[in-house]
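Analysis of the macromolecular model
Residues per chain are reported as follows:
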Number of protein chains: 2
Amino acid sequence: MLDRTYPAQVCSIARTLEAVGERWTLLIVRDAFLGVSRFSDFQRSLGIARNVLAQRLGHLVDEGVLEHRDDGAYVLTRKGRELAPALHQLMKWGDHHYPRPEGPPRLTLHRGCGGRVEGEMVCARCGEHVAQRELELVPGPGRTSTAAG
Amino acid sequence: MLDRTYPAQVCSIARTLEAVGERWTLLIVRDAFLGVSRFSDFQRSLGIARNVLAQRLGHLVDEGVLEHRDDGAYVLTRKGRELAPALHQLMKWGDHHYPRPEGPPRLTLHRGCGGRVEGEMVCARCGEHVAQRELELVPGPGRTSTAAG
């Protein structure tokens with residue numbers, strides 16, 4: 001049983017942050033979305049201490065966000081994949097408020113159409129409302145070849 | 001100048017979490033959305049140590065998420081208010097994965113229409129795509145009278 005960090009809170013944001021709000025945790029989830037699955041690859045991508053990484057991965061497995069497979073891989077569960085909309089909104093906020101001169105590291109496109117989609121989930125090309133499953137994440141102009149995400 | 005916690009990361013999520021990813025920080029932002037503005041009221045709502053709260057509030061002011069007014073109030077800036085979509089998605093994920101038997105603590109409704117809106121931003125009553133500014137946050141069946149959020 002995990003400690004309840006925010007015991008007095010009747011709030012789904014508080015409960016969510018118990019699961020995925022610790023430092024590094026959402027970056028592990030982000031890496032998992034980008035295809036990272038091995039302990040050593042998370043370690044290389046994030047550059048954090050092995051004991052901290054092991055603790056965070058164990059917590060995400062306990063919360064049902066990651067599955068630890070028999071072959072050692074850590075893979076997002078359905079519950080974990082359902083964090084995509086929250087990560088998308090956090091990314092768009094960062095893109096907007098901490099812009100890089102060369103442009104954002106990653107873009108979200110309307111799958112099939114190719115138009116850019118920002119936080120309001122409207123395609124800049126066709127003007128349609130875009131559902132989360134219709135989003136495609138692609139490298140943007142601000143991505144460097146050495147960066148993971 | 002703040003330390004860069006995730007120095008190797010070319011990623012808008014990493015940069016965002018530098019600003020708002022520390023423990024308690026997003027709950028302070030949530031309280032600010034709910035109208036909390038006084039140090040003592042944040043302290044009462046969150047139940048955290050005063051020195052931790054002071055550090056987190058100062059960080060949010062430094063990042064331009066909160067403004068510290070001459071009368072002592074901490075108020076969301078425009079940049080801070082633009083975290084609403086990310087908080088909304090974190091709330092919906094928590095509602096879905098950590099349901100309370102009596103229902104969610106808060107609901108988001110299509111303003112004017114009154115239909116419920118979930119993470120996909122479609123009104124359950126009229127079927128329209130709902131923009132973030134058309135969302136109305138109201139107490140839900142799972143909210144207790146003593147809980148802040």
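Anything mentioned here points back to the structure above.
Side note on the overall build of chain A
Looking only at helices and strands, chain A features 6 helices and 4 strands. Ordered by position from N to C terminus, the α and β elements of chain A give α-α-α-α-β-β-α-α-β-β. Taken over 149 residues, chain A has a buried fraction of 39%. Long-range contacts, defined as pairs at least 24 residues apart, comprise 51% of the intrachain contacts of chain A with a sequence gap of at least 6.

Some remarks on the packing of helix α6 (residues 84-97) of chain A against helix α6 (residues 84-97) of chain B
At a minimum axis separation of 8 Å, α6(A) and α6(B) run at an interaxial angle of 165 degrees. Considering their axes alone, α6(A) and α6(B) lie roughly antiparallel with respect to each other. For α6(A) against α6(B), the interelement crossing comes out left-handed. Each of Pro85(A), Ala86(A), Gln89(A), Leu90(A) and Trp93(A) in α6(A) lies in contact with α6(B), whose residues at this interface are Pro85(B), Ala86(B), Gln89(B), Leu90(B) and Trp93(B). The residue makeup of the contact of α6(A) with α6(B), split by class, is 8 nonpolar, 2 polar and no charged.

Observations regarding the relation of the copies chain A and chain B
For the pair chain A and chain B, the best superposition has an RMSD of 0.0 Å and corresponds to a rotation of 180 degrees with a translation of 0.0 Å parallel to the axis. A rotation of that kind, with that shift, is consistent with a two-fold axis. If distances are taken from each C-alpha of chain A to the rotation axis, the shortest is found for Ala86(A), at 2.6 Å. A share of 100% of the interface residues of chain A reappears at the interface of chain B, consistent with the copies meeting face to face through the same patch.

Scoring rules and cut-offs
Residues numbered from 1 in each chain as written. Chains lettered and ligands numbered in written order. Predicted model: local features only at pLDDT ≥ 70, side-chain atom pairs only at ≥ 80, totals over all residues. Helix = DSSP H or I, 4+ residues; strand = E, 2+ residues; numbered from the N terminus. Buried ≥ 20, exposed ≤ 12 C-beta atoms within 10 Å, placed from the backbone. Contact = placed C-beta atoms within 7 Å. Axes fitted to C-alpha atoms, helices over the stretch in contact; angles between N-to-C directions. Parallel < 35°, antiparallel > 145°, perpendicular 65-115°, else oblique. Left-handed = near helix turned anticlockwise from the far one by under 90°. Nonpolar A, V, L, I, M, F, W, Y, C, P; charged D, E, K, R; others polar. Least-squares fit on C-alpha atoms with pLDDT ≥ 70 in both.

From the geometry alone we can't say anything about function, so treat these as descriptive.
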